[in-house]
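Reading the structure
Each chain, written out:
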Amino acid sequence: AKRFVSIFVLALLVLFMTPMFIQFSLASQDLVVSTFSGQGGNGGKNDLGRVRTTSMAPDGTLYLADSDLFSVKKFMDGIFSDFLRSGRNWNGIRSENPCGVFAKSVNEIFVSYCDSKSVDLFNSAGELQRKYIVNVGLNDMGMDWGGGLAVDQKGDIYLSDELNHVIIRVDGVSGSSEIIAGSPGVRGIANGIRRQANFNKPRGLMVDEEGSLLVADTWNRAIRKIDRLGNVSTVMTLRCGVMGIDRDSRGAVFLIGDRECGC
């Protein structure tokens, strides 16, 4: 936890503005921000709608879940292309909208949808390898606003259900699903074991080096931790809501704040 606190960087993400993709680079501890794609979400190959999640594969391919354009795009060698695209227009069907993407390996690309009811596994060619159906006994799942998808080394899948304030695990082998933390429909910041704990709009997820799951608990303005035994603790609290969490190849952890967040 001490290492996590010492290396985090809080980045600002403003939602619902003109879509663009922002690149961050660190040099001599100076943060350089540049825009390398995005012109307003009209649907062109080099255009972006509302990007919910990004994930980079080990070969450097960047995947972007774009819910507005019903697509997952990939960016490699300076070129954008469609990895997955339904071609539909927004009609309120959340199961058609990719909200999460996670590149576990070059040939294992997981995609979740905005209703949090299913996760698809694709190979690098965009061919469907397996569909996981999420069924944890909740009548209304989700809206996942992005970041609520992570996969551990074993292949188990984690989803954050911000509507019900719970964290879900899908077994990568059997495909069975369960609520591993949080009490459905109950908001709070209580720590404890599994369902004794509470969250308030959990969104971004990240599996750390020890196999624990870090949760961006947005409305609690906190980073929460679920260890491998199911114990939930609060790692840190922040000045504003945090929506996303990730780390780079050097182990530096990055947090993405909500629209009211200041650095």
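In what follows, the structure referred to is the one given above.
The structure reproduced in this document is the subject of the present report. (Residues numbered from 1 in each chain as written. Predicted model: local features only at pLDDT ≥ 70, side-chain atom pairs only at ≥ 80, totals over all residues. Heavy atoms only, no water.)

All chains considered together, the criterion is met by ten salt bridges. The salt bridge involving Lys154 is made with Asp156; its shortest N-O contact spans 3.4 Å. Taking the relative accessible area as the measure of exposure, Asp156 reaches 5% and is therefore buried. A salt bridge links Glu178 to Arg169, with the nearest nitrogen and oxygen atoms 2.8 Å apart. Of the residues examined, Arg169 reaches a relative accessible area of 19% and is grouped as buried. Residues joined by salt bridges that share partners form a network here, namely Lys154, Asp156, Arg169, Asp171 and Glu178. (Salt bridge = Lys/Arg side-chain N within 4 Å of Asp/Glu carboxyl O. Buried < 20%, exposed > 50% of the residue type's maximum accessible area, 1.4 Å probe, protein only.)

Taking burial as the measure, the five residues of strand 14 (residues 166–170) include five buried ones, the bulk of the element. Residues Val166, Ile168 and Val170 line one face of strand 14 and the alternating positions Ile167 and Arg169 line the opposite face, and both faces are buried. In sequence, strand 13 (residues 157–161) turns back onto strand 14 through a hairpin of four residues, with His165 there showing a positive phi of about 65°. Connecting strand 14 to the antiparallel partner strand 15 (residues 177–181) that follows it, the hairpin turn spans six residues, and Gly175 within it adopts a positive phi of roughly 85°. (Helix = DSSP H or I, 4+ residues; strand = E, 2+ residues; numbered from the N terminus. Pairing = 2+ DSSP bridges.)

Reading across from one edge, 12-13-14-15 is the order of the four strands in this open sheet, with antiparallel pairing throughout. The open sheet has two free edges, formed respectively by strand 12 (149–151) and strand 15, since each of these has just one partner strand. Direction aside, neighbouring strands of the sheet carry axes that sit 30° apart on average. Bridging between strand 14 and strand 15 involves four bridges; their strand directions are antiparallel. Its bridge partner being in strand 15, Val170 is matched across the sheet by Ser177. (Axes fitted to C-alpha atoms, helices over the stretch in contact; angles between N-to-C directions.)

One open sheet accounts for five strands, arranged 16-20-19-18-17; its pairing is antiparallel. Every other strand in the sheet has two partners, leaving strand 16 (192–193) and strand 17 (202–207) as the edge strands with one partner each.

What follows concerns the packing of aromatic side chains. As enumerated under the stated definition, the model contains three aromatic pairs in all. Geometrically, the ring pair formed by Tyr63 and Phe83 is edge-to-face, given 5.1 Å between the ring centres and 75° between the ring planes. Residue Tyr63 is found in strand 5 (residues 62–66), and its partner Phe83 is found in strand 7 (residues 79–85); the two are separated by 20 residues along the sequence. Grouping residues by exposure puts Tyr63 and Phe83 together as buried. For the pair Phe75 and Phe80, a centre-to-centre distance of 4.7 Å together with 50° between the ring planes defines the contact as tilted. (Phe/Tyr/Trp six-rings, centres within 6.5 Å; stacked < 30°, edge-to-face > 60°.)

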